[in-house]
Amino acid sequence: VTSRFALEQKTEVILVAVGGGHRDPVNPGEDRPQVLAGGDLRALMTGSDKRVAEEKLSLGQRAMVGVGGLLGVADHISRARALTRRWMPIGRRVAIIGGGLVGVELAEFLCERGREVCILEEGKTLAVEMALPRRWRALHGLREHGAALLTAVHVEEITDESVVYTAGDGERSTAPADTVIIAASPGKNLGLAEALEETGLEVHLLGDCQGIGYIEGAIMEAARIARAI
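## Quick word on the overall build of the protein chain
Thought 1: Looking only at helices and strands, one finds nine helices and ten strands in the protein chain.
Thought 2: For the protein chain, the spread of C-alpha atoms along the principal axes amounts to about 55 × 45 × 35 Å.
Thought 3: For the protein chain, the proportion of its 229 residues judged to be buried stands at 37%.
Thought 4: Summarising the internal contacts of the protein chain: among those between residues at least 6 apart in sequence, 58% fall at separations of at least 24.
Thought 5: Accessible surface, the protein chain as shown: approximately 13,500 Å² in total, 53% of it carbon and sulfur.

In C-alpha cells form, the structure reads like this:
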C-alpha cells in the first residue's frame, strides 16, 4: 500500500494496523547468533524470512525447522504446542530481556518445555500490563519452575555464554544463557500512516503501530473507529 495506490482506489478512509516497529539494538552483543528478537521468533516459526534461519541456526537446526514447515506446525496451534515440547531451536538456558507481558508469557511457555529461564527487567515490577489475578498466577508458576526473576537491573552486554548486568548497587553479575531473547516492547510504526496523511485522506491508526496496547487495546480502538466512520 502506497499513497499513490490509495488515491487510485478512490479511498475515502484508511485504517492503518501495521503493528509495532522494529526496535533498534541497545545492548552490545545483540547481534550475536544466539540472540533472538520477537521478529526472529516469528520468522523461524513461519519460515517467512529465510535469512533469519541462516544467521541464527546451525545446518541441523535449519533442517529441523524445515521439517516443521512441511508438517504445517505454524498452521496448527495444537501441533505447535505438542512438537515444541519435544524440540525447539532454543538452548537449555534462556535469558529473557524484558519482563513485561510478552517476556513473562514467553517465560511460562519455555519453562513448561524444560528450559531454565532468567528474566531481566529494568523496572521494579514484572508484567504490569497483566490483570492482577493473571499476574499473580503467572509469577507464582514461574517461581515454582525455578525461574530467576530479576528486577531493577540494567543489561550491560551479551557475551557468548551469558548476559552481563548490574543491579541497583552497581555490582556486575552474569546470567548464564545459551539463548537470549529480546522481549522489550517494539517502538511506534508511523511511517505509512504519515505518508498517507500527507495525501489529505482520512487516516485512523489502531493497534500497536501507535503504541503498545496489546489485543484489548486494539479491539477497543477498532470498535471506537468503526463507530466513528
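Having seen the structure, we can now continue with the description.
## Considerations on the sheet that holds strand β6 (residues 154-158)
Consider a sheet: its strands pair through backbone hydrogen bonds, and that pairing is either parallel or antiparallel.
Thought 1: Strand order across the open sheet formed by three strands is β6-β7-β8, with antiparallel pairing between neighbours. Strand pairing shows two members of the sheet lacking a second neighbour, β6 and β8 (172-176), which therefore form its edges. Between one strand axis and the next, the sheet turns by 30° as a mean value, whatever way the strands run.
Thought 2: Looking at chain direction, strand β7 (residues 162-166) and β8 are connected through five bridges and run antiparallel. The partner of V164 across the bridge, within β8, is T174.

## Quick look at the packing of aromatic side chains
Thought 1: Taken as a whole, this structure holds zero aromatic pairs when the rule is applied.
Thought 2: In this arrangement the basic side chain of R113 is found over the ring face of F109, its NZ or CZ atom lying 3.7 Å from the centre.

## Details of the side chain of H204
Thought 1: For H204, the location among the structural elements is in strand β10 (residues 202-205).
Thought 2: For H204, a relative accessible area of 17% corresponds to the buried category.
Thought 3: At 2.7 Å, the side chain of H204 forms a polar contact with the side chain of E202.

## Here we look at the environment of V94
Thought 1: Relative to the elements of secondary structure, V94 occurs in strand β3 (residues 93-97).
Thought 2: Taking relative accessible area as the criterion, V94 reaches 0% and is therefore assigned buried.
Thought 3: Between the C-alpha atom of V94 and that of S162, which follows or precedes it by 68 residues, the distance is 9.3 Å.
Thought 4: If we ignore the near neighbours within four places in the chain, the residues touching V94 are L110, R115, E116, V117, C118, T179 and I181.

## Description of the pattern of salt bridges
Once their charged atoms are close, side chains differing in charge can pair, the charge on each being opposite to the other.
Thought 1: Evaluated as defined, the whole model comprises nine salt bridges.
Thought 2: For E105, the salt bridge goes to R134, with nearest N and O atoms at 3.4 Å. With E105 in helix α6 (residues 101-111) and R134 in helix α7 (residues 132-144), this pair connects stretches of sequence that are 29 residues apart.
Thought 3: Taking the relative accessible area as the measure of exposure, E105 reaches 35% and is therefore partly exposed.
Thought 4: Assessed through its relative accessible area of 24%, R134 is described here as partly exposed.
Thought 5: Among the ionic pairs, R113 bridges to E112, the shortest N-O distance being 3.6 Å.

## Things to note about the sheet that holds β3
Thought 1: Sheet architecture is open: five strands sit in the order β2-β9-β3-β4-β5, paired in parallel fashion. Both outer strands of the open sheet, β2 (35-37) and β5 (148-150), are each paired with one neighbouring strand and no more. Ignoring strand direction, the axes of neighbouring strands in this sheet form an average angle of 20°.
Thought 2: Looking at chain direction, β3 and strand β9 (residues 179-182) are connected through four bridges and run parallel. By the bridge assignment for β9, I97 is matched with I182.
Thought 3: Strand contacts of α6: β3, β4 (116-120) and β9, with the helix running at about 170° to β4, the strand carrying the most contacts.

Rules and cut-offs
Residues numbered from 1 in each chain as written. Predicted model: local features only at pLDDT ≥ 70, side-chain atom pairs only at ≥ 80, totals over all residues. Heavy atoms only, no water. Helix = DSSP H or I, 4+ residues; strand = E, 2+ residues; numbered from the N terminus. Buried < 20%, exposed > 50% of the residue type's maximum accessible area, 1.4 Å probe, protein only. Contact = heavy atoms within 4.5 Å. Areas by Shrake-Rupley, 256 points an atom, 1.4 Å probe, with all protein chains shown as cover. Pairing = 2+ DSSP bridges. Axes fitted to C-alpha atoms, helices over the stretch in contact; angles between N-to-C directions. Phe/Tyr/Trp six-rings, centres within 6.5 Å; stacked < 30°, edge-to-face > 60°. Lys NZ or Arg CZ within 6 Å of the ring centre and 35° of its normal. Polar contact = N/O pair within 3.5 Å; in protein donor to acceptor, adjacent residues only side chain to side chain. Salt bridge = Lys/Arg side-chain N within 4 Å of Asp/Glu carboxyl O.

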